[in-house]
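Residue strings, one per chain:
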Amino acid sequence: MGPPSPELVRVADKAAMARTGADLLLARIAENAGRIAICLTGGSSPKQLYELLATQAYRDRIPWPRVHWFIGDERFVPAGDALHNMTMARHAFLDACAPAANIHPIPTDTGSPERSANAYARELITFYGADQLDPARPLFDVVLLGIGPDGHVASLFPGYPAVEVRDRWVVGVDQAHVAPFVPRVSLTLPALASCRTMLFEVAGADKQPILTRVLAGEDLPANRARSTHETTFLIDAAAWPETAADRSPPGLPHALIVMGVSSSGKSTVGQALGRRLGWRFEDGDSFHPPANVAKMSAGQPLTDADRWPWLQAIADEIARCRAQGEPIIIACSALKKAYRKILVGDCGNVRLVYLEGDRELIGDRMGHRKGHFMPTGLLDSQFATLEPPGVDEHPVTVSVDAPVETIVDDILQQLHIGQDRPDCERNGS
Ligand SMILES: Nc1ncnc2c1ncn2[C@@H]1O[C@H](COP(=O)(O)OP(=O)(O)O)[C@@H](O)[C@H]1O
Ligand SMILES: O=C(O)[C@H](O)[C@@H](O)[C@H](O)[C@H](O)COP(=O)(O)O
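Going by what an unreviewed UniProt entry lists, the chain is known as 6-phosphogluconolactonase and is assigned to Bradyrhizobium denitrificans. Reading the Function (unreviewed entry) entry of the UniProt record for the chain gives the comment "Hydrolysis of 6-phosphogluconolactone to 6-phosphogluconate." Under Sequence similarities (unreviewed entry), UniProt gives the following word-for-word description of the chain: "Belongs to the gluconokinase GntK/GntV family."

So this is what it looks like as structure tokens:
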């Protein structure tokens, strides 16, 4: 049996990709109480993610002394060169955050890519403590990868002998297939595969042609690189190929939970979505028990103990609708994963629609909203509380920086709900 099929996760744009990637990285780090190994990638795709890791919100959640940073491939240029992959990662976050001893660059001062490859293989073997990879004990917790325009990963170019190497962990590649045309040093497919999670980042319209070929199953290095455990492709809207729709989970959701911070547009977008689908829209706030309403009216913040019965009431309404075959859209901030667990349960056909936007834009909308008074401090605390849904929650993520109907289009497209499909029109006009 081959490795499990990759999961395709669509995100709105490059900024959302960086956040989703960083969240996934943090989740994997949190799962390992021991020594952690992350294999970074070069290229332009991961830079935003790296920079995010250096920001306070992420930096504080990484147990730096326990995390070791490797690189999947290196351009054979001196450290410090603008083309040098590890230098990019160092500048973006490692130098500011990681202990020097935990940074493991591929040496490029050995005289030849082949010698560098051997030196790095020795370093990896010493770190791993064995020269044979045990599938039950992956070398890396996470391997990050980009896809080159020719379908290469790391520096394993299509048709090159390096792609076929199975008995070494690292190889020298004398000539690159695409720019920059400098020799490379690259981990091999078996070394890259030895990870709990392999995370591809594919963003931008220029990646759409190659991604279309990859997802069509063409024999390219990007299709041979698979984790023995879990492989996830993060793909932004610009790179998302038309054909990718066919590979998503079939079946319509029964319930959509439109989530996000206050003023992200949950009511506005939820109602518009309801109109388009002919589904009933409910505001989650109307499910608060009277005691919560009394508390909020008195200006007292709710505790989690107050929230559980409220979330359970929404979950009960979803269950009731499902039992009756009546689809529903519910707006609920659902800022924490624990809250969403109650709302969604194990139910694959209750989907989250996450309205994503930055503090500035949403703050501006909040300021202009009529008939509401919300202190700015409240929005700050909402952002502080927000745990954006992780890839394991299969959210539909949309940017709120667009007109309402465009956001609705985006949601429908991600859910693969064509307006002409009869099963969407069961309550429609
Ligand atoms: N995509 C959008 N473009 C412009 N204004 C928006 C958009 N979405 C929401 N708004 C406005 O932002 C404010 C907050 O939206 P609302 O739906 O009440 O947010 P929430 O339900 O998340 O608190 C409202 O004044 C609404 O008209
Ligand atoms: O050294 C490198 O160039 C990379 O490791 C390479 O494998 C990269 O990930 C892809 O070429 C995608 O590059 P972009 O992210 O720049 O598109």
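After that view of the structure, there is still more to cover.
(A) Representation of unusual backbone geometry. Residue Pro-180 is reached from Ala-179 by a cis peptide bond, and omega for that bond is -5°. Inspection of the secondary structure puts Pro-180 in the loop between β6 (170-173) and β7 (184-187). Located in the positive-phi region is Ala-154, a residue other than glycine, with phi close to 45°. By the element assignment, Ala-154 lies in the loop between β5 (140-145) and β6.

(B) How the structure looks around the packing of aromatic side chains. Applying the stated criterion to the full structure yields eleven aromatic pairs. Measuring from centroid to centroid gives 4.3 Å for Phe-200 and Phe-233, while their planes differ by 15°, and the two rings are stacked. Remark: Phe-233 occurs in strand β9 (residues 230-236) and Phe-200 occurs in strand β8 (residues 195-202); sequence separation between them is 33 residues. Both residues of the pair, Phe-200 and Phe-233, belong to the buried class. Linked through ring pairs, Tyr-50, Trp-64, Trp-69 and Phe-93 together constitute an aromatic cluster. Sitting over the face of the ring of Phe-127, Arg-35 holds its NZ or CZ atom 3.6 Å from the ring centroid. Seen from the ring of Tyr-128, Arg-137 lies directly overhead, with NZ or CZ sitting 3.9 Å from the centre.

(C) View of the sheet that holds β6. As summarised here, the arrangement of the three strands in space is β4-β7-β6, forming an open sheet in which the pairing is antiparallel. Looking at strand neighbours, the two that pair on one side only are β4 (73-75) and β6, the edges of this open sheet. Across the sheet, the mean angle separating the axes of adjacent strands is 15° when strand polarity is ignored. Packed on one face of the sheet, helix α5 (residues 113-128) meets β6 and β7 and runs near 165° to β6.

What counts as what
- Residues numbered from 1 in each chain as written.
- Chains lettered and ligands numbered in written order.
- Predicted model: local features only at pLDDT ≥ 70, side-chain atom pairs only at ≥ 80, totals over all residues.
- Heavy atoms only, no water.
- UniProt positions renumbered as here; feature names shortened; annotations may be inferred.
- Helix = DSSP H or I, 4+ residues; strand = E, 2+ residues; numbered from the N terminus.
- Phe/Tyr/Trp six-rings, centres within 6.5 Å; stacked < 30°, edge-to-face > 60°.
- Buried < 20%, exposed > 50% of the residue type's maximum accessible area, 1.4 Å probe, protein only.
- Lys NZ or Arg CZ within 6 Å of the ring centre and 35° of its normal.
- Pairing = 2+ DSSP bridges.
- Axes fitted to C-alpha atoms, helices over the stretch in contact; angles between N-to-C directions.
- Contact = heavy atoms within 4.5 Å.

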